[in-house]
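# Structural features, examined
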Amino acid sequence: MIRADLHIHTTISDGSDTIEEVVERCRQKNLTHIAITNHDDMDGYEQICTCCKKAGIKTVKAIEMTTIDTPSNCKAHLLGYGIKDETPIRKLTDKMLARRHQNGLKQIEVLRAEGYAINVEELQESVYKIIYKQNIMQYLVKKGYADKVYGAFYQKYFSKGGICSFRSKDIELIDAVHAIKEGGGYAVLAHPGQQENYELIEKFYPIGLDGAELHHYSNDQVARQKIVQACEGKEMFFTGGSDYHGMNSRIPIEVGDYVATRQAVEIIFGEN
């Protein structure tokens, strides 16, 4: 039996669980295939492989890229699977991560001006490399300023209209698709229902988009119907995943709650 969760995050980006913790959770949930898709970062892949081998789970090098299609002003997250050459992707993501880190530092300064005592050095001790807003929120929860990561504090300051709702410039979607294809991977549009960007499937299929994430908590029945319709008549496959972030998940969710289709696993893992 195949059980594949192809959308998982760790502390390398904005998840709360380490690679070891995530893989162990996957083993306990009887997953056979996983892809750890940290935001704009592929660090830790050797460790992922080692942990998965011990757990008897198959994995591939993967990533979730934060992008925008500027002509249509549509935001999109792009999943890349089976990456063989990181170079073309890192040319984009290294700059993106640097921008995101500076953005996080600016958000901290805004909050400090509001009277919140945030020690940047102390905060960074619990951060892998880049300061995400989730890292800031975890720190604020620890210090007693907030009750939870996605609670009232987050809604006030980080949600749309909040004084910390500004963000760094995203990668152009067309560049991200080209980079994943150049790196020998498969390009998949993540959770179209979350960002309501179904039209990007038609637009980017001729450019190299290989699939769409069908099984995801943000895709309700209407969204799934729209995704299937947008992919109809095209040589595309459907993936699925929990989008697990541990304690940083927007809703209570566990690895394996949403899984990919057998076709996606056969294509991505080369198990025809």
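All of the points below concern the structure found in this document. In this numbering scheme, every chain counts its residues from 1 along its sequence in written order. Local features in this predicted model are restricted to residues of pLDDT 70 or higher, and side-chain atom pairs are both shown and tallied only at a pLDDT of 80 or more, whereas totals for entire chains, interfaces and linings draw on every residue. In computing side-chain values, all of the structure's heavy atoms are included and hydrogens and water are not.

## Let's talk about the overall build of the protein chain
Inclusion rule: Helix numbers and strand numbers start at the N terminus; a helix is a DSSP run of H or I with at least 4 residues, a strand a run of E with at least 2. Only C-alpha atoms enter the radius of gyration, while the globule expectation follows 2.2 Å times N to the 0.38, with N the number of residues. Classification of residues uses two cut-offs on accessible area relative to the type maximum, computed with a 1.4 Å probe and protein chains only: under 20% is buried, over 50% is exposed, and between them is partly exposed. Only heavy atoms matter for contacts: two residues are in contact if any of them lie within 4.5 Å across the pair. Per-residue and other accessible areas were derived by the Shrake-Rupley procedure at a 1.4 Å probe size, with only the shown protein chains allowed to occlude residues.
Looking only at helices and strands, one finds 11 helices and 9 strands in the protein chain. Taken over the C-alpha trace, the protein chain has a radius of gyration of 18 Å; the compact-globule value for 272 residues is 19 Å, and the two agree within 12%. Taking the principal axes of its C-alpha atoms as reference, the protein chain extends roughly 55 × 45 × 35 Å. The proportion of buried residues among the 272 residues of the protein chain is 55%. Contacts in the protein chain between residues far apart in sequence, at least 24 positions, make up 72% of those at least 6 positions apart. On the protein chain, roughly 12400 Å² of surface is accessible, and the fraction owed to carbon and sulfur atoms is 48%.

## Things to note about the nonpolar core
To keep it simple, the criterion reads: The set of buried Ala, Val, Leu, Ile, Met, Phe, Trp, Tyr and Cys residues whose side-chain atoms join them within 4.5 Å is what this entry labels a nonpolar core.
Formed by 30 residues in total, the largest nonpolar core has its most connected members in M65, L78, I89, I201, L209 and I227. At the level of secondary structure, the elements contributing two or more residues to this core comprise β4 (62-69), β5 (74-81), α3 (87-113), α7 (173-182), β7 (186-189), α9 (199-204), β8 (209-215) and α10 (221-231). In terms of residues, this core owes the most to one element, α7, which gives 5 residues. Each residue touching I89, except ones within four places of it in the same chain, is listed here: M42, I63, M65, I83, A179 and I180. Core analysis: the second largest hydrophobic core is formed by 20 residues, I131, I136, V149 and Y150 among them.

## Re the sheet that holds strand β3 (residues 58-59)
Keep this limit in mind: The rule for pairing is simple: two strands pair if DSSP sees at least two bridges between them.
Taken in spatial order, the 3 strands line up as β1-β2-β3 in an open sheet, and their pairing is parallel. On the outer flanks of this sheet lie β1 (4-8) and β3, each paired with one strand and no other. Sheet topology places strand β2 (residues 33-36) next to β3; 2 bridges connect them, and they run parallel. Bridging from a neighbouring strand, I34 pairs with T59 of β3.

## Points about the state of the cysteines
Stated precisely, the cut-off is as follows: Disulfides are defined in this document as cysteine sulfur pairs within 2.5 Å.
Scanning all chains against the criterion turns up 0 disulfides. You can see C231 has no disulfide; the closest cysteine sulfur is in C74, sitting 15 Å from it. Since its relative accessible area comes to 4%, C231 is described here as buried.

## A closer look at the sheet that holds strand β9 (residues 237-240)
Where we set the bar: Axis definition: a line fitted to C-alpha atoms, over the contacting stretch in the case of helices. Angles run 0 to 180 degrees between N-to-C directions.
The strand order across the open sheet built from 6 strands is β6-β4-β5-β7-β8-β9, with neighbouring strands paired in mixed fashion. Strands with a single pairing partner mark the edges of an open sheet, and in this sheet they are β6 (171-172) and β9. In this fold α10 packs onto β8 and β9, with an angle of close to 160° to the strand it touches most, β8.

## Quick word on the environment of A4
Mapped onto the elements of the fold, A4 is located in strand β1. Spatially, the C-alpha atom of A4 lies 28 Å from that of I130, the residues being 126 residues apart in sequence. The contacts of A4, once residues within four sequence positions are left out, are L31, H33, G240, Y258, V259, A260 and V265.

## Notes on the packing of α3 against α7
Worth spelling out the cut-off: Throughout, the ten residues Ala, Val, Leu, Ile, Met, Phe, Trp, Tyr, Cys and Pro are labelled nonpolar, Asp, Glu, Lys and Arg are labelled charged, and all others, Gly among them, are labelled polar.
The interhelical angle for the contact between α3 and α7, taken along N-to-C directions, is 150°, at an axis separation of 7 Å. Counting all contacts with α3, which are made through P88, I89 and L92, the residues of α7 involved are D175, A176, A179, I180 and E182. Considering only residue class, the contact of α3 with α7 consists of 6 nonpolar, no polar and 2 charged.

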